[in-house]
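Inside the fold
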Amino acid sequence: MQLAAEIRDLHKYYDLGPVVVKALRGVTTEFPQGDFVAIMGASGSGKSTLLNVLGALDRPTSGQYILGGQDTSQLNDDQLSAIRNQMIGFIFQSYNLIPQFTVIENIGVPLQYMRGVRASEEDWCVELAERVGLADRLDHRPTQLSGGQQQRVAIARALVNDPEIILADEPTGNLDSETEAEIMQVLVDLNAEGRTILMVTHEQEVAKLAKRQLHLKDGMKVFEGVVRDGQMISDGEVVLADDADSPPSPISAPPDAGSDLYEVDDSGSTDGANFNEWNE
Ligand code: ADP
Ligand code: MG
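Summarised in this report is the structure supplied together with it. In this text, all values refer to a predicted model and were calculated from it rather than measured experimentally. (Residues numbered from 1 in each chain as written. Chains lettered and ligands numbered in written order. Predicted model: local features only at pLDDT ≥ 70, side-chain atom pairs only at ≥ 80, totals over all residues.)

The next subject is the overall build of the protein. When helices and strands are counted, the protein shows eight helices and 12 strands. Among the 280 residues that make up the protein, the fraction classed as buried is 36%. Taking contacts inside the protein between residues at least 6 apart in sequence as the whole, the part at least 24 apart equals 68%. (Helix = DSSP H or I, 4+ residues; strand = E, 2+ residues; numbered from the N terminus. Buried ≥ 20, exposed ≤ 12 C-beta atoms within 10 Å, placed from the backbone. Contact = placed C-beta atoms within 7 Å.)

Rendered as structure tokens:
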């Protein structure tokens, strides 16, 4: 089985001076090529942090991230950017389009970071626009498009370097349910073509369309597997965040306050009042 990506004992801490936020605390998993995973968990559980590391936008504090067979810790920043550009396409909740650019220009944005841009660049962008159903909107600007159409532009932009992996952070979070279904169909089709999709969502309706689910709680993996008829079927080791006897609580619970999620850094001067605010 070929792996698109693999993480081993991944930790990501944010050092905020008096306080260290432990956003990821030892996550290990494998994403086979052609996988379609819904990354789930309560707000603050580490989903976006994980996606940022998987997207090589951020490096882990410790642990390994292996992307396309390469240990990313062995790559310098330029090499990491290059592999990111070549292997990964990004889709965000808020589309992140450039307002002054047309549909075609927005789709072409990642090409400008590549060397040796092809002469057929524009044809390729038109082809992608057609692919996502925007053939008659090529010269429109983002403000002239609906939310669903803007997300289609963002998907076409994510495809422009023909990436193996697509990372999506709440891709339908700003869309009504009908448009959500349309956008999800585009992602399902891309996965059927063989592209690996790693998608953060907190919506069951959206997660259901993925092949697998990965649930985080307080920066740790609490469940990984398929969900069939409301039954969670684990395909890996299940690590429970606090209580080994209780079933995993996938999506509802807010992050535990006062847990060891936050840690005081004794080395600096610690303002007790500030720390208490953080810990509340
Ligand atoms: P999610 O996407 O599941 O809501 P995040 O990955 O955004 O969670 O955040 C996980 C934890 O890390 C939260 O406690 C959040 O406040 C913290 N965090 C995220 N990004 C930063 C950052 N850049 N600096 C400091 N803390 C951060
Ligand atoms: Mg998030």
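Further remarks concern helix H1 (residues 47–54). In an α-helix, one full turn covers 3.6 residues, which means residues spaced three or four apart are oriented alike. Burial of H1 is extensive: six of the eight residues sit out of reach of the surface. Every buried residue belonging to H1 is among Lys47, Thr49, Leu50, Leu51, Val53 and Leu54, and all of these are buried. Backbone geometry just after H1 places Ala56 at a positive phi near 55°.

Our next topic: the nonpolar core. Grouped together as the largest cluster of nonpolar side chains are 61 residues, with contacts concentrated most on Val37, Ile39, Ala129, Leu167, Leu198 and Met199. Sort the elements by how many residues they give to this core and helix H5 (residues 147–159) lands first, with six residues. In this view, Leu167 contacts Leu51, Leu54, Gly55, Ile88, Phe90 and Leu198; residues no more than four positions away in its chain are not counted. (Core = buried A, V, L, I, M, F, W, Y, C linked by C-beta atoms within 7 Å.)

To continue, consider the sheet that holds strand S9 (residues 212–217). The sheet built from seven strands is open, its strands ordered S6-S7-S8-S3-S9-S10-S11 with mixed pairing. Looking at strand neighbours, the two that pair on one side only are strand S6 (88–92) and strand S11 (231–234), the edges of this open sheet. Neighbouring strand axes in the sheet, compared pairwise and without regard to direction, differ in orientation by 25° on average. Each of strand S3 (36–40), strand S7 (165–169), strand S8 (196–200) and S9 is contacted by H1, which is oriented at about 150° to S8, the strand it contacts most. (Pairing = 2+ DSSP bridges. Axes fitted to C-alpha atoms, helices over the stretch in contact; angles between N-to-C directions.)

Time to look at the packing of H5 against helix H6 (residues 177–192). One can describe the packing of H5 onto H6 by two numbers: an axis separation of 10 Å at closest approach and a directional angle of 15°. Taken as axis vectors, H5 and H6 run roughly parallel relative to one another. Here the hand of the crossing between H5 and H6 comes out right-handed. Every residue of H6 that contacts H5 at Gly147, Gly148, Gln151, Arg152 and Ile155 is listed here: Thr179, Glu182, Ile183 and Val186. Classifying every residue of the contact of H5 with H6 gives three nonpolar, four polar and two charged. (Parallel < 35°, antiparallel > 145°, perpendicular 65-115°, else oblique. Left-handed = near helix turned anticlockwise from the far one by under 90°. Nonpolar A, V, L, I, M, F, W, Y, C, P; charged D, E, K, R; others polar.)

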